[in-house]
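# Structural overview for review
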Amino acid sequence: MKTSLALVALAACARDPQVVVGSKVFTEAVVLGEVVTQATRAAGVPARHQRQLGGTQVLWKALRAGEIDAYVEYTGTIAQEIFRGRAVADLGAALAAEGVAMSAPLGFNDTYAVGMKEEVAARLGIRTLSDLRAHPELRFGFSNEFLNRADGWPGLRAAYALPQTDVRGLDHDLAYRGLASGALDATDLYSTDAEIRYYGLRVLDDDRAYFPAYRAVVLYRPAIPPRAAGAIAALAGSIDEAAMRTMNARVKLDRQTEAAVAADFLAARGVAASARAETTAERLWATTRDHLGLVAVSLLAAIVLAIPLGILGARRPRVGQVILAVVGVVQTIPSLALLVFMIPILGIGAPPAIVALFLYSLLPIVRNTHAGLCGIPGQTREAAEALGLPAGARLRLVELPMASRSILAGIKTSAVINVGTATLGALVGAGGYGQPILTGIRLSDVGLILEGAIPAAVLALAVQGAFDLVERVVVPRGLRL
């Protein structure tokens, strides 16, 4: 009987689809993403954590599109950012209307705040946000999301009539280092940040009560397995501010992994969770595999399209001008904006990154193909025609071989650019060498940054060397330098 029940349970577990948990790009979000992921696994449901996917809008769109099944959000952010411009009396009901469920609060309020170095604030006599009005010369550095969101800098500036004009956007973790070095005077904080004590910061009193409550909750798709929803519900009220601050400190200051910290938290609550730390070799293999996949697929697709476009442009000059203009405009689109634009269409992961890299690969190949063919001397074309070669044979036997050096140079340029640009794929969950770079920036860990930067540089050199060898084979001997 017991054996039969066990088999039934195993069969039910096998039928459960994998739950994908997303997280934002700051440490607390990654830690909480691990907590939700491991709690779901402990309930017998397969789960995977997609780390550091971006800001609020990226995660929200991914959740609604079904690319992820759950992520941790904050009530103030839901009201002020997701439902911006709408008077929402009941967040749960408003989310349900969007096809999203919300858990009960996890137990802590991670409100926004503004902080300064203690010695600077003491010297200027600044204790409250209102005191900032007397110091228009102060240099502010805010996280990029805070700089633009409704409950961030625009609303704060209006609520307190702040006169500061030297305001710049940057990564949240880099802002702390800017404060420490004296490059900035104030930045936005999360009240549970471990860096507040580490850097000796003074949290300015929100004397006009501008910031709303930011209670951590889990947003999830109602279609997830009931046991996964039960595991999420069981986390309600389990994390107070002290516990969250401690977990953040263990990751940021003690250099422990988010997975290990989450496992310890759950184990203390009697949840059987475990986390095995990846070795450096395992991480390097995984990121190399992902990076090579992104570059190879996008470059191959670009070659297949760009060379015919270059040929068409060389044969028909007016059409060629249009083609070069279009691919040139595509090249000017900021890569991060293009990646985010792709998410509602292609979701998260490799597809949006591959499409973005494909589009960025077109210009060098199209331009060099066009230039190589247009640069063939007229006498050579006339000689080929005099021999009676049809257009297709002239292209295959004369024109493409003569333009091959230029075409290969364009492909090599695209390949090298792709190797570097592909690091941004980590922002949309595509993996690659950008993953350790983003994590290293977040944790101020130079070793992790180099773990992504050095292999990317080596790969770029290897790609360039490989195309130099290909040139020896493909380009006719008389056309080589």
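Scroll up for the structure.
Described in the following lines is the structure provided in the data block. Since the model is a prediction, treat every value here as computed from it, not as a measurement.

This part takes up the overall build of the protein. A count of helical and extended segments in the protein gives 21 helices and 10 strands. Taken over 481 residues, the protein has a buried fraction of 49%. Counting only contacts in the protein whose residues sit at least 6 apart along the sequence, the fraction spanning at least 24 positions is 77%. With an accessible surface of roughly 21600 Å², the protein has 61% of that area assigned to carbon and sulfur atoms. Each charge class in the protein can be summarised by its mean position, and for the 46 positive and 41 negative side chains these summaries are 8 Å apart.

Glancing now at the packing of aromatic side chains. Throughout the structure, instances matching the rule amount to 15 aromatic pairs. With centroids separated by 6.0 Å and ring planes inclined at 40°, the aromatic side chains of Y112 and F211 adopt a geometry described as tilted. Of this pair, Y112 sits in strand β5 (residues 112–117) while F211 is found in the loop between β9 (201–203) and β10 (216–220), placing the two residues 99 residues apart along the sequence. Under the relative-accessibility criterion, Y112 is labelled buried at 5%. Between Y112 and Y214, the aromatic rings sit 5.3 Å apart at their centres with planes inclined by 85°, giving edge-to-face as the arrangement.

Moving on, we get to the nonpolar core. Counting residues in each nonpolar core, the largest one holds 59 residues, and the members touching the most others are W60, I68, Y71, I78 and L219. Residue contributions to this core peak at 10 residues, all from helix α17 (residues 350–374). Not counting residues within four places of it along the chain, the set of residues in contact with Y71 comprises G22, K24, T56, L59, W60, L63, I82, V217, V218 and L219. Of all hydrophobic cores here, the second largest spans 58 residues; its members include V19, Y112, L129 and V261.

What follows deals with the pairing of β5. In terms of residue burial, β5 counts as a mostly covered element, since six of its six residues are buried. As paired elements, β5 and strand β8 (residues 187–190) share four bridges and run antiparallel to each other. In the strand pairing of β8, G115 is matched with T187.

This part takes up the environment of F140. Note on placement: F140 falls in strand β6 (residues 140–143). Here the alpha-carbon distance between F140 and A263, two residues 123 residues apart in the chain, equals 37 Å. Among residues more than four places away in sequence, those in contact with F140 are L132, W153, Q164, D166, V167, R168, L184 and A186.

This part covers the sheet that holds β5. Judged by pairing direction, the sheet is antiparallel, and its three strands sit side by side in the order β8-β5-β9 without closing on themselves. Every other strand in the sheet has two partners, leaving β8 and β9 as the edge strands with one partner each. When strand polarity is set aside, the average angle formed by the axes of neighbouring strands in this sheet is 50°. Seen against the sheet, helix α9 (residues 172–181) touches β5, β8 and β9 and runs at an angle of roughly 120° to β8.

Residues V19 and V21 point to one face of strand β1 (residues 19–22) and V20 and G22 to the other, with burial holding for every one of them. The pairing of β1 with strand β2 (residues 47–50) spans four bridges and is classified as parallel. Bridging across to β2, G22 finds its partner in Q50. Note on the crossover from β1 through helix α2 (residues 27–42) to β2: the handedness is right-handed.

Cut-off values and rules
Residues numbered from 1 in each chain as written. Predicted model: local features only at pLDDT ≥ 70, side-chain atom pairs only at ≥ 80, totals over all residues. Heavy atoms only, no water. Helix = DSSP H or I, 4+ residues; strand = E, 2+ residues; numbered from the N terminus. Buried < 20%, exposed > 50% of the residue type's maximum accessible area, 1.4 Å probe, protein only. Contact = heavy atoms within 4.5 Å. Areas by Shrake-Rupley, 256 points an atom, 1.4 Å probe, with all protein chains shown as cover. Lys, Arg positive; Asp, Glu negative; His and termini not counted. Charge placed at Lys NZ, Arg CZ, Asp CG, Glu CD. Phe/Tyr/Trp six-rings, centres within 6.5 Å; stacked < 30°, edge-to-face > 60°. Core = buried A, V, L, I, M, F, W, Y, C linked by side-chain atoms within 4.5 Å. Pairing = 2+ DSSP bridges. Axes fitted to C-alpha atoms, helices over the stretch in contact; angles between N-to-C directions. Right-handed = clockwise from strand over helix to strand, strands pointing away.

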